[in-house]
Amino acid sequence: MIDVRPFASLGKAKFGWLDANHHFSFGHYRNPDRDQWGRLRVWNDDEIAPGTGFDPHPHRDMEIITYVREGAITHKDNMGNEGRTEAGDVQVMSAGTGVVHAEYNLEPGKTTLFQIWIVPDTRGAKPSWGAKQFPKEKREAGFDVLASGRPADAGNGALPINVDGAVLATTLKKGQTLVQPLGEGRAAYLVPAKGAVTVNGVAAQARDGIAIRDERDFTITATEDAELVMVEVAAD
């Protein structure tokens, strides 16, 4: 099953300082056909104006992964963590028993990012935060694992998350093809941050969502130079 969800069909929210696009039900956007995809609960495509951001607010029992596409985001939380994550890099916050954090665009220009929420396997874990650089040249024509709780990824340098799932990214040149396995009982959600692709022959453009399940593997072909982000999780 390959279900392409065009960018124009996503939930929209505009607040002046924030231009948000919701792949799944979030905030005032409700779509019962797009509540989540397996353990994947939220995928927000956000554009944040310079000098603005999300003031301190709480979370609990959620794995929150931020993939910065353009600009940078500065994080602060009540655990004493503070950091700046630049375009192409990733931060992970495991909310666990509870955390209060703020996210600001302190850059001179806009910041664009994907914010991804995955339901953890275990509630009430100890909260944590981390960030890491992931050079794009290491993910050419093959997925690099950015964040993972899958046993097979232990020790591979990915940021840890409390779920049997992973966030991955790759870059493909126009005409390149990648065959990606997907195990039984697993689901994937793929978004081109840039460029255009086909997945098993189904076309998708930049910022479209591609929901995949019940496929042993799937073939991605770049019809333009493309940067892709994917979540792979349990399908239940």
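Just so it is clear, the model here is predicted, and its values are computed rather than measured. Every chain's residues receive numbers from 1 upward, in the order its sequence appears when written. Where local features are concerned, this predicted model is filtered to residues with pLDDT of at least 70; where side-chain atom pairs are given and counted, the filter is 80 or more; whole-chain, interface and lining totals use all residues. Processing note: side-chain calculations cover all non-hydrogen atoms of the structure and skip hydrogens and water entirely.

Take the overall build of the protein next. A tally of helices and strands in the protein yields zero helices and 22 strands. Here the radius of gyration uses the C-alpha set of atoms, whereas the globule reference equals 2.2 Å times the residue count to the power 0.38. Taking 2.2 N^0.38 as the reference for a compact globule, 236 residues should give roughly 18 Å; the C-alpha atoms of the protein span a radius of gyration of 17 Å, in line with that estimate. Counting over 236 residues, the protein shows a buried share of 54%. Any two residues having at least one pair of non-hydrogen atoms within 4.5 Å are treated as being in contact. Of the contacts formed within the protein by residues at least 6 apart in sequence, a portion of 72% connects residues at least 24 apart. Accessible surface, the protein as shown: approximately 10300 Å² in total, 50% of it carbon and sulfur. Between the averaged position of the 26 positive side-chain charges in the protein and that of its 33 negative side-chain charges there is a distance of 1 Å. Here a strand is any run of E in DSSP of at least two residues, a helix any run of H or I of at least four, and the numbering for each starts at the N terminus. Three exposure classes are used, based on accessible area relative to the maximum for each residue type with a 1.4 Å probe and protein chains only: buried under 20%, partly exposed in between, and exposed over 50%. Each accessible area is a Shrake-Rupley result for a 1.4 Å probe, and residues are judged covered by the shown protein chains and nothing else. Under the counting rule used here, the positive set is Lys and Arg, the negative set is Asp and Glu, and His together with the chain ends is not counted. Think of each charge as sitting on NZ of Lys, CZ of Arg, CG of Asp or CD of Glu.

Turning to the layout of surface pockets, a few remarks are in order. Within this scheme a cavity is a closed region of a 1 Å grid, computed over the protein atoms alone, that accommodates a 1.4 Å probe without allowing it to escape, whereas a pocket is open but has protein on both sides within 12 Å along at least five of seven lines; lining residues each have an atom within 4 Å of a point. Grid points are joined across faces, edges and corners, and a volume is the space filled by probe spheres set on the points. The calculated volume of the largest pocket comes to roughly 280 Å³. As for the largest pocket, its lining consists of 19 residues, of which Leu18, His22, Phe26, Asn44 and Phe54 are closest to the centre. Listed by contribution, the elements that provide at least two residues to the lining of the largest pocket are β2 (11-14), β3 (18-22), β4 (40-48), β5 (52-59), β10 (99-105) and β11 (111-118). For the lining of the largest pocket, the class distribution of residues is eight nonpolar, eight polar and three charged. Basically, the charged four are Asp, Glu, Lys and Arg, the nonpolar ten are Ala, Val, Leu, Ile, Met, Phe, Trp, Tyr, Cys and Pro, and anything else, Gly included, counts as polar.

Moving on, we come to the nonpolar core. Counting 28 residues, the largest nonpolar core has Leu40, Trp43, Ile116, Ile118 and Val167 as the members making the most contacts within it. When near neighbours in sequence (up to four residues on either side) are disregarded, Val167 contacts Ile65, Ile116, Ile118, Asp144, Val145, Leu146, Ala147, Val229, Met230 and Val231. Within the second largest apolar cluster, 21 residues are counted, among which are Val145, Leu168, Leu182 and Ala222. Buried Ala, Val, Leu, Ile, Met, Phe, Trp, Tyr and Cys residues that are joined via side-chain atoms within 4.5 Å together make up what is termed a nonpolar core.

Notably, Asp61 is not glycine yet its phi reads approximately 50°, a positive angle. Summarising the element assignment, Asp61 is placed in the loop between β5 and β6 (63-70). Positive phi outside glycine occurs at Asp214, with the angle close to 55°. Mapped onto the elements of the fold, Asp214 is located in the loop between β20 (209-213) and β21 (217-222). Using a relative accessible area of 68% as the deciding quantity, one classes Asp214 as exposed.

Its location among the elements puts Lys14 in strand β2. You can call Lys14 exposed: its relative accessible area is 63%.

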